[in-house]
Amino acid sequence: MSLKEKIISTYRSFEEAISSSSSINDIKDNAIKTFEEKGFPTLKDEDWKYTSLKSILKTDFCIVPSENKDIEIADIEKYFVDTDSFRAVVVDGYFSAELSTINTEKAIISSMKEAIEEKNELALKHISKIAPADNSMVALNTIGHADGIFISIPNNTILEKPIQLLHIATGISGETLVQTRNLIVVGKNCDAKIIERHQSLTENTILSNPVTEISVGENSYYYHYKIQNDVVSANLIDNTYVNQSRYSNAFVDTFSFGGNITRNNLSFFLNEENAVANLNGISLLNDSQHVDNFTFVDHRVANCDSHELYKGIYDESSKGVFTGKIFIHKDAQKTNGNQQNNNLILSENAQINTRPQLEIYADDVKANHGCTIGQLDKEALFFMRSRGIPKKEAKAMLMYAFASEALKNVKIEALTAQINKLIAAKLNVDIEFGE
Amino acid sequence: MLKIKDLKASIDGKEILKGLNLEVKPGEVHAVMGPNGAGKSTLSAVIAGKDTFEVTEGTIEFQGEIINELAPEDRAHKGIFMSFQHPVEIPGVTVTNFIKASVNAKRAAEGKEDLTPGEMLKLIKEKAAMLELDRKFLSRSLNQGFSGGEKKRNEIFQMAVLEPTLAILDETDSGLDIDALRIVANGVNNLKSPNRSAIVITHYQRLLDYIVPDFVHVLFEGRIVKTGGKELAMKLEEKGYDWIKEELKANN
C-alpha cells in the first residue's frame, strides 16, 4: 500500500466512525477528495518541478502518532531563542499546555483543537479560509492534523513579548508524518512578533507538513520568523498563508540552515488597499540538503506593495530552488512589487534553480525582479586574507556579508544574535557576526 | 628585509614581471614609478601573495625566509601589508569588526590572546584619531558607499592598527585631494621607524613631497630599469617616460 493509499483508507475509516455532520467535517470530506484526486506532488507538477518527494515517500510513515507525554522543558529549552517570550509547544502534532507558557490577558494562545471544540468564533471564521483548499498538501493537513496552535490577538494590542512556536517531533511512533494546524488571527492596530521552529528529536525520518493560516487586521504590524535548523533526518513541507487587510504590514522571514528536504510554500493575499507584504529569506546549505522556497504574492487590489529578498548560499552537493510568483490583478493599479533572489554557488556540485514568475494584468504598476547567481568574490577574499584573516574565516565573513541584508526585518535583538550564531556554527567558524 | 631576486610572474600565461630585482633594507622607503602596464600593481600583489598570479621563477625573501609559497594571511602575519589601489567593499562587515578580525587573527598566529574589547577599542580610537576618522565611520560597512578618499584613509587606518614591518602602498595617492593626501602621508610617516620599511607605488611625484623616499625605481616592462634618489621622481614627472625608453634602446 502506498503512503497515499494508507492515508486515504485510514481517514475514510475515521470519517465513517464520526457520523455527525458539521462544517468542519464537510471541509475534511472535501479535503479527502482533493488529496485522493491529486495525491503528493511530483516533478510533473509545474510548481514542484525541481523538488522531488520520491525519496521521502518510500518511508512507511506512522500517520497517526501517539501522544508523547515524556518530553520535558529541559529537552527542548535550547530550541527557544533566549528572550522573554510566550511559548506555544506542539509535540508530534499535539498541543502541550504543560510545555507552553501562554498566560496573558492580552491574547489567546491555545490549542487549536480546543478552540474549534469551544466554537471560538474567530477560529471558526478563519480556519481553512486562508489556505487554498485545492492544494494537495493543505488538503493532506486538513484531513490529518490532530491539533495545533490557535492565537488570537484582539484589536489595539501591542505584544511586547514575542510568541515562540515550537513544533517538536519525538519519533516515539517511529518514522512519522507530523501535521500541525496553526491559525493566527491578528486584529486591528496590533503589533505582534512570532518565532517559529520545527525540531526533530529523533534520527527516525520525519516528514512535517504544517499549515499556518494568518490573518493580519487593518493597520497592524505582524512579524513572523521561521528558523529552520533541523537534523538531517527531518523533512519539512511548510505551508504558510497570509491574508492582509488595509494598511497592514506583514513580514515573514525564512532562515533555512538545516534539515534534509525543505519546501516553503508561502503566500500573501493582499485583499485590501495599502497593505504591504515583506518576504525575506536566507538559505545556507551544504551536504545534500535541499531547500525550495515557493513564494506567491497575490496583488488583488490597488495601492499595495510587496518586497521580497531571498539570499541563497549552496555548498557541496546542496540544491536550492526559488520561485517568486507575483500576480497583479487587473484592478491592482499602482502596485509596487519588487523581488530579488541572489545566490552564491560554492561548489561544482551545488545547484540553484531560480524562476521569477510575474503575471501582470494592470497597466499602471511598478514591478521589478532580479536574480543573480555568482561565486565568492576572489578579489574580496584576497583583500581579507592580505589583512591576515585566514581563508575559512574570510570566506565565512564574505558569505555573511552577502546574506546579512536579508536580516534587516528581524526586530528582536536576541533572535538576530541567535541567527548570527547559527550561521557561524553552520560555517564552522568562531566569529561574532553582526554589529 | 625584503630581497626580490630575478622574479618572474605571469597571469593567465602572460608574463608580467620579467626578472625583477629589488632589495629593501630596514627603515628604508622605496618609491616605484613607471608607466601604465609596467607591472607595478602586479609587483605589489605578488609580494602580498595573490594567487591569480603565478610566480614562475625567482624568489621573494622576507626577513630571511623565502615566502613564494606562503598564503596571503601568513604573509600578513609576518608583517607584510598592502594598501589596495581599489579597496574592496564588504557590505555587512563593519570597519570595527573587520579590524577586530584582522588584529586577532594576527595575534592568534603569534600565539597571543585576543585583545580584550577595552584594549581593542582603545587601539581603534587612537588610530582613528590619527587618521581623522569619526566614530560613525567605524560602524559603517567596510568601504561600502565610501568616497575614494575615505577608502584610502581607511586603508591607512588599517595599516596604522596592524603596524606592519613592510608596508606596500599601491597607488594610494591616486585621486586624493590635497587634504586627504596629507592625512594619508601623515599616517604613513607616523609609522616610520628604523625597523619598518615601505614601498610606495605611485604615478605622481606629488606624494613623494610628503613621504620622502630613500630610493626611486623605474619599473618598465616587468623589470626595474633605473634607480635613483628623489630627483629621479622629479625628472619623471617633468619629462615622462620616453627618455627612459630611449636610454634603454641606446643601451641594447
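Quick caveat, the model's predicted, so the values are computed rather than measured.

## Overview of the environment of Val93 of chain B
- Examined against the element boundaries, Val93 of chain B turns out to sit in strand β7 (residues 90–94).
- With a relative accessible area of 4%, Val93 of chain B lands in the buried category.
- For the pair formed by Val93 of chain B and Ser141 of chain B, sequence separation is 48 residues and the distance between their alpha carbons is 5.1 Å.
- Once you skip the residues sitting within four places of it in the chain, Val93 of chain B turns out to touch Met397 and Ala401 of chain A together with Phe98, Arg140, Ser141 and Leu142 of chain B.

## Let's talk about the interface of chain A and chain B
- Listed as interface residues are 21 residues of chain A and, on the opposing side, 32 residues of chain B.
- Summed over both sides, the interface between chain A and chain B buries roughly 2,100 Å², with carbon and sulfur atoms accounting for 66% of that surface.
- When residues of chain A are sorted by the area they lose upon contact with chain B, Phe382, Phe383 and Arg387 of chain A head the list and together hold 36% of the total.
- For the pair chain A and chain B, the interface holds 3 salt bridges.
- Of the charged contacts, one joins Arg385 of chain A and Glu73 of chain B as a salt bridge, the two residues approaching to 2.6 Å between their closest N and O atoms.
- Along the contact surface separating chain A from chain B lie 8 residue pairs in polar contact (both at pLDDT 80 or more).
- Within the residue set of the side of chain A that touches chain B, elements represented by two or more residues are α8 (378–386) and α9 (391–403) of chain A.

## Quick word on the domain arrangement of chain A
All names here are of chain A.
- Once the domains are mapped, chain A shows domain 1 (3–272) and domain 2 (377–435).
- Where domain 1 abuts domain 2, roughly 1,200 Å² becomes buried across the two surfaces, and 75% of that area is made up of carbon and sulfur atoms.
- Inspection of the domain 1/domain 2 interface yields 0 salt bridges.
- Applying the counting criterion to the domain 1 and domain 2 interface returns 3 residue pairs in polar contact (both at pLDDT 80 or more).

## Looking at the sheet that holds strand β17 (residues 305–314) of chain A
Residues and elements named next belong to chain A.
- The strand order β2-β1-β5-β8-β11-β13-β15-β17-β19-β21 describes an open sheet built from 10 strands, whose pairing is mixed. Every other strand in the sheet has two partners, leaving β2 (94–101) and β21 (366–374) as the edge strands with one partner each. Each neighbouring strand pair of the sheet contributes to a mean axis angle of 10 degrees, computed without reference to strand direction.
- Of the pairings in the sheet, the one linking strand β11 (residues 221–228) to strand β13 (residues 249–256) comprises 8 bridges and is parallel in character. In the strand pairing of β13, Tyr221 is matched with Asn249.
- Helix-sheet contacts for α9 involve β15 (276–285), β17 and β19 (336–345), and the interaxial angle to β17 is about 165 degrees.

## Quick look at the packing of aromatic side chains
- Going through the model one piece at a time under the given rule, you end up with 14 aromatic pairs over all chains.
- Note on Tyr223 of chain A and Phe251 of chain A: the rings are 4.5 Å apart at their centroids and 15 degrees apart in plane angle, and the pair reads as stacked. Note that Tyr223 of chain A is positioned in strand β11 and Phe251 of chain A in strand β13, a separation of 28 residues in sequence. Assigned by exposure class, Tyr223 of chain A and Phe251 of chain A land together as buried.
- Considering the side-chain rings of Tyr310 of chain A and Phe322 of chain A, the 5.2 Å spacing of their centres and the 45 degrees angle between planes classify their relative orientation as tilted. Residue Tyr310 of chain A is found in strand β17, and its partner Phe322 of chain A is found in strand β18 (residues 319–328); the two are separated by 12 residues along the sequence. For the pair formed by Tyr310 of chain A and Phe322 of chain A, the shared burial category is buried.
- Against the face of Phe402 of chain A rests Lys311 of chain A, its NZ or CZ located 4.7 Å from the ring centre.
- The ring centre of Trp243 of chain B lies 3.9 Å from the NZ or CZ of Lys235 of chain B, which sits over that ring.

About the cut-offs
Residues numbered from 1 in each chain as written. Chains lettered and ligands numbered in written order. Predicted model: local features only at pLDDT ≥ 70, side-chain atom pairs only at ≥ 80, totals over all residues. Heavy atoms only, no water. Helix = DSSP H or I, 4+ residues; strand = E, 2+ residues; numbered from the N terminus. Buried < 20%, exposed > 50% of the residue type's maximum accessible area, 1.4 Å probe, protein only. Contact = heavy atoms within 4.5 Å. Buried area = accessible area lost by both parts, 1.4 Å probe. Salt bridge = Lys/Arg side-chain N within 4 Å of Asp/Glu carboxyl O. Polar contact = N/O pair within 3.5 Å; in protein donor to acceptor, adjacent residues only side chain to side chain. Domains from an automatic or database assignment. Pairing = 2+ DSSP bridges. Axes fitted to C-alpha atoms, helices over the stretch in contact; angles between N-to-C directions. Phe/Tyr/Trp six-rings, centres within 6.5 Å; stacked < 30°, edge-to-face > 60°. Lys NZ or Arg CZ within 6 Å of the ring centre and 35° of its normal.

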